[in-house]
Amino acid sequence: MPAVLHTVAEWRARKAGLSPGAKIGLVPTMGALHAGHASLFSAARRDCDFVLATLFVNPTQFDDPADLARYPRTLDADLALMAEAGVDAVFAPPVGELYPSDTGTRYTVQEDQFSRTLCGAHRPGHFTGVLTVVLKLLQIAAASRAYFGEKDWQQLQLVRGMAAAFFLETEIVACPTLREADGLALSSRNRHLSPAERALAPQFYKTLCTAPDAASATARLAALGFAVDYVEDLSEAPERTRRLAAARLGSTRLIDNVSLPIARS
Ligand code: PAF
């Protein structure tokens, strides 16, 4: 099992014992781990000398207290998966360690443009919470590289932007989305889907891949029974579009994104 460290001081003491110049790979998580996280650990294991995972359900990125309360917490299974994936240590602080009483939540990182669109338009304050905790974790870890999944594409772009804006020395590495055989993107939230919702869920990805435009994807998903927050097409490269979407099945919110070639008429 990886060593579990609860305080910044414990991590700094562990880090001081590493060989000089050892490359640290950081994988920030909120736990409830699955094969998608395992792929981030493997990438860090491949590239770095020491793999540090963080396990912290960050309260400031939840706009809905009920969502925070029901976020799955599966510590024993998470530690077993980390051991299997070759994680060396896990930083799992209590809330007061990252938000100590003197500074609390008064200091935040806010991006004023992209964070207000897409998921940010539906979850006010979400990305301020994400960027704030990610900056704290990057500062604490002082890693060479930090690994993030492309499934949270907007999060990934915002973290990249923050790293550039604040001249952070950690390289932000993107890892591809992992999917079930039927196309559903792996997510800690999938375990909340009822059997009927789980059977319908793969239509989300399928529709994003096949609908001719965002409006048709929205209409198709709504007809299938999804409560659609948004589907949007963003231009990504001269020849490609990034289609991003969020929709609810019952009380479970799914997000996904795909890179599509621009259709030529
Ligand atoms: O993607 C997540 O799991 C979280 O948003 C992160 C990056 C660990 C920050 O809490």
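Worth saying up front: this structure is predicted, and the values here are computed from it rather than measured.

A. View of the sheet that holds strand β9 (residues 252-261). One open sheet accounts for 3 strands, arranged β7-β8-β9; its pairing is antiparallel. One side of each edge strand has no neighbouring strand; the edge strands of this open sheet are β7 (227-237) and β9. Each strand of the sheet is rotated relative to its neighbour by a mean of 15 degrees, with strand direction disregarded. Most of the contacts of helix α11 (residues 214-224) go to β7, to which it runs at about 155 degrees, and overall it touches β7 and β8 (240-249).

B. Highlighting the packing of aromatic side chains. Counted by the stated rule, this structure contains 4 aromatic pairs. Between the aromatic rings of W11 and F50, the centroid separation amounts to 5.8 Å while the plane-to-plane angle is 40 degrees, which identifies the pairing as tilted. Linking W11 in helix α1 (residues 8-16) with F50 in strand β3 (residues 50-55), this pair joins segments that are 39 residues apart in sequence. Across the pair, exposure class does not vary: W11 and F50 are buried alike. An angle of 75 degrees between the planes, with centres 5.6 Å apart, marks the rings of F62 and Y71 as edge-to-face. Classification of Y71 as buried rests on a relative accessible area of 9%.

C. Examining the pattern of salt bridges more closely. Under the defined criterion, the tally for this structure stands at 14 salt bridges. Close ionic contact of R45 with D88 constitutes a salt bridge, the shortest N to O distance being 2.9 Å. Remark: D88 occurs in the loop between α4 (75-85) and β4 (89-91) and R45 occurs in helix α2 (residues 35-47); sequence separation between them is 43 residues. Classification of R45 as partly exposed rests on a relative accessible area of 30%. E171 serves as the salt-bridge partner of R145, at 3.1 Å between the closest nitrogen and oxygen.

About the thresholds
Residues numbered from 1 in each chain as written. Predicted model: local features only at pLDDT ≥ 70, side-chain atom pairs only at ≥ 80, totals over all residues. Heavy atoms only, no water. Pairing = 2+ DSSP bridges. Helix = DSSP H or I, 4+ residues; strand = E, 2+ residues; numbered from the N terminus. Axes fitted to C-alpha atoms, helices over the stretch in contact; angles between N-to-C directions. Contact = heavy atoms within 4.5 Å. Phe/Tyr/Trp six-rings, centres within 6.5 Å; stacked < 30°, edge-to-face > 60°. Buried < 20%, exposed > 50% of the residue type's maximum accessible area, 1.4 Å probe, protein only. Salt bridge = Lys/Arg side-chain N within 4 Å of Asp/Glu carboxyl O.

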